[in-house]
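Structural overview
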Amino acid sequence: MPQQLAIILLVDVANALEMKTLEGNAYLFDNMKLHGSEGQGTGELVTAIHGSYWRDGSQATEQVLNWLPYSLGSIPPTVPRGYEAERARQTDREALSELEAMVHKPANQGGDAAAQLSHLQQTLGTRVRSTRRTRGPATQKILDVTGNVISYDGAAAHTYPPPVITDIYGEAVDKKIMYPAEYGSPDMVTDGWYWSATVDSTRPGTYAYTMAVQLHRLLLQGGDWTWEPVDLTCESKLRIVSEPKRNAFTKSGLGLLPIPPA
Amino acid sequence: MPPRAKTRDNSRAPISITAVLDAVGALAAGSVRGHLYLYDTNKAGGSTGFGTEELRTRVRAGDRVLWNCLALECEAFVGIAAIEVDRAVIEPERKVYPGTDVAYWIGTVKKDDIDVVPYRIKFLVGTRTEPIVTTLSPTLVG
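Our subject in this report is the structure included herewith. Keep in mind that what you see is a predicted model, and the values were worked out from it rather than measured.

Each value, and the rule that gives it
Residues numbered from 1 in each chain as written. Chains lettered and ligands numbered in written order. Predicted model: local features only at pLDDT ≥ 70, side-chain atom pairs only at ≥ 80, totals over all residues. Heavy atoms only, no water. Helix = DSSP H or I, 4+ residues; strand = E, 2+ residues; numbered from the N terminus. Rg over C-alpha atoms; globule rule 2.2 N^0.38 Å. Buried < 20%, exposed > 50% of the residue type's maximum accessible area, 1.4 Å probe, protein only. Contact = heavy atoms within 4.5 Å. Areas by Shrake-Rupley, 256 points an atom, 1.4 Å probe, with all protein chains shown as cover. Lys, Arg positive; Asp, Glu negative; His and termini not counted. Charge placed at Lys NZ, Arg CZ, Asp CG, Glu CD. Polar contact = N/O pair within 3.5 Å; in protein donor to acceptor, adjacent residues only side chain to side chain. Nonpolar A, V, L, I, M, F, W, Y, C, P; charged D, E, K, R; others polar. Core = buried A, V, L, I, M, F, W, Y, C linked by side-chain atoms within 4.5 Å. Pairing = 2+ DSSP bridges. Axes fitted to C-alpha atoms, helices over the stretch in contact; angles between N-to-C directions. Phe/Tyr/Trp six-rings, centres within 6.5 Å; stacked < 30°, edge-to-face > 60°. Lys NZ or Arg CZ within 6 Å of the ring centre and 35° of its normal. Expected span 1.5 Å × (residues − 1).

Section: the overall build of chain B
- When helices and strands are tallied, chain B shows 1 helix and 11 strands.
- In chain B, the succession of α and β elements from N to C terminus is β-α-β-β-β-β-β-β-β-β-β-β.
- The globule rule puts the C-alpha radius of gyration for 142 residues at 14 Å, and the 15 Å found for chain B is close to it.
- For the C-alpha atoms alone, the extent of chain B along its principal axes is close to 50 × 35 × 25 Å.
- In chain B, buried positions account for 50% of the 142 residues.
- In chain B, 58% of the contacts between residues at least 6 apart in sequence involve partners at least 24 apart.
- Surface exposure of chain B reaches about 6,600 Å², of which carbon and sulfur atoms provide 50%.
- One way to put it: in chain B the 18 positive side-chain charges average out to a point 6 Å from where the 17 negative ones average out.

The structure is reproduced here in structure tokens:
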């Protein structure tokens, strides 16, 4: 089984929502530059996939691809899974202990109750209402790009939840070059879903595919903030070649074993 | 009279600059050249050079600028060790996302008439102890 390969879809969510298109607002990467992938970091990625064969010419294995959608200018994906939910709980706890301190203060040392309340409100932040239809990937509280909760009037500074791939289809799927599906990671409680595909590497050629991508727009509806889903699409390509697979670490692979010449 | 610097405006999102680093490529070459892709969130405001090492981020006085980075290999570690820039223009500080040890750098642009201000990013890559520094320069432009 060869190394699984990853395709990163980095979306400028704010600009894509503004312009209502992913064209010019989506940047694609893969880790196959060594195999001849082209257009890294642009919207025109062509992912190179080398066939892999036994010495008698029969197919050795298929290639596995994984897609990882990220949001540009949001809290990075390197924070723990479920970070938004965790921040919502943390700030609830902070607000509770603040409230407790306020309540236990003797009446004559109360200070400015209005100021204390407003501080409490800041600590609590603003919740996003979720409905069946608008249940986004981050339906907890509105966070800014530094991971702090923001209150009602500061909502313009909010961070966007990562884009969600909802389907992969098009030429490469129709021609049975790849078989994509959505899988759940072991972290089922949070949003551990990802798209993966096996690729038939025996039929050289360039094949296009389309990703259906859902972004989320923060909307104020009837006094409640909600995440409104916005569906857009983005195209990319696979190029399957019959060259042998190379070892990414030793950069060799034409011999029997993937070790560099002495 | 020089234009007055605006006060810090927290109600607007900072301009985020994201560095996507091919950690394996950078470690193999000992350089980020050809392995670094820079983006920001101010395309509508006139930033250019997306996806290159020479990103030109359009800023104004009072804008907060936030730097973070992503590894192209999701299992590799990359981080920013320092941002070297004219401190008369901006003083980026290292901060972490609350409750985590994931860092970002943030600063506020101090003045308007900055013309072109080059800067260098020092990256921490994998377990390498010596940071790898940008070779071509990204810039802040006024």
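Here we look at the interface of chain A and chain B
- Contacts between the two partners involve 36 residues from chain A and, on the opposite side, 32 residues from chain B.
- Where chain A touches chain B, the interface holds 5 residue pairs in polar contact (both at pLDDT 80 or more).
- Among the secondary structure elements, those contributing two or more residues to the side of chain A that touches chain B are β1 (5-11), β2 (26-30), β4 (63-71) and α2 (83-104) of chain A.
- In terms of residue class, the side of chain A that touches chain B is built from 16 nonpolar, 16 polar and 4 charged.

Re the nonpolar core
- L10 and F29 of chain A together with Y39, W67 and F123 of chain B are the most contacted members of the largest nonpolar core, which totals 45 residues.
- Apart from the residues within four sequence positions on either side, L10 of chain A is in contact with N25, A26, Y27, F29, Y70, S71 and L72 of chain A together with V20, Y39 and L70 of chain B.
- Residues M32, Y160, V230 and L232 of chain A belong to the second largest nonpolar core, which totals 42 residues.

Re the environment of Y37 of chain B
Residue and element names in this part refer to chain B.
- With respect to the helices and strands, the residue Y37 is situated in strand β2 (residues 36-40).
- With relative accessibility at 6%, the residue Y37 sits in the buried group.
- On a C-alpha basis, the gap between Y37 and T52 in space is 4.9 Å, while along the polypeptide they are 15 residues apart.

A closer look at the sheet that holds strand β8 (residues 116-118) of chain B
Residues and elements named next belong to chain B.
- One open sheet holds the 3 strands; their spatial order is β3-β11-β8, and the pairing between them is mixed. Of all strands in the sheet, those bounded by a partner on one side alone are β3 (56-58) and β8. If you compare each strand with its neighbour and ignore which way they point, the axes differ by 25° on average.
- One ladder, built from 3 bridges, connects β8 with strand β11 (residues 139-141); its direction is antiparallel. Bridging across to β11, V116 finds its partner in V141.

Comments concerning the sheet that holds strand β7 (residues 193-199) of chain A
Residues and elements named next belong to chain A.
- The 5 strands are arranged β2-β1-β4-β7-β6 in an open sheet whose pairing can be described as mixed. Across the chains shown, the open sheet's two edge strands, defined by having one partner strand only, are β2 and β6 (178-184). Across the sheet, the mean angle separating the axes of adjacent strands is 25° when strand polarity is ignored.

What about the packing of aromatic side chains?
- In the structure shown here, the tally under the stated rule is 9 aromatic pairs over all chains.
- Pairing Y27 of chain A with Y39 of chain B gives two aromatic rings, centres 4.3 Å apart and planes at 40°, and the pair type is tilted. Note that Y27 of chain A is positioned in strand β2 and Y39 of chain B in strand β2, a pairing that runs across two chains. There is no split in this pair, since Y27 of chain A and Y39 of chain B are both buried.
- Between W67 of chain B and Y119 of chain B, the aromatic rings sit 5.5 Å apart at their centres with planes inclined by 75°, giving edge-to-face as the arrangement. Residue W67 of chain B is found in strand β4 (residues 64-71), and its partner Y119 of chain B is found in the loop between β8 and β9 (120-125); the two are separated by 52 residues along the sequence.
- Note on W67 of chain B: relative accessible area 1%, which makes it buried.
- By way of ring pairs, the aromatic residues Y27 and F29 of chain A together with Y37, Y39 and F50 of chain B are connected into one cluster.
- Between the NZ or CZ atom of K43 of chain B and the centre of the ring of F50 of chain B, over which it lies, the distance is 5.4 Å.

Let's talk about α2 of chain A
All names here are of chain A.
- Helix length check: α2, at 22 residues, gives a terminal C-alpha distance of 32 Å against a target of 32 Å (1.5 Å per residue), a fit within 8%.
- Inspection of α2 places Y83, A85, R87, A88, Q90, T91 and A95 among the buried residues, and these make up the whole buried set.
- Those residues of α2 that are buried lie in contact with α3 (113-124).

Thoughts on the side chain of T139 of chain B
- Position of T139 of chain B relative to the elements: it lies in strand β11.
- Ignoring any residue separated from it by four or fewer positions in sequence, one finds T139 of chain B in contact with L55, R56, T57, V116, V117, P118 and Y119 of chain B.

Here's the deal with the pairing of β4 of chain A
Residues and elements named next belong to chain A.
- The element β4 is extensively covered by neighbouring structure, given that 8 of its 9 residues are classed as buried.
- Where β1 meets β4, 7 bridges bridge the pair, whose relative direction is parallel. Bridging from a neighbouring strand, A6 pairs with N66 of β4.
- Where β4 and β7 come together, 5 bridges link them in antiparallel fashion. Each residue of the ladder has a partner; that of V64, found in β7, is T198.

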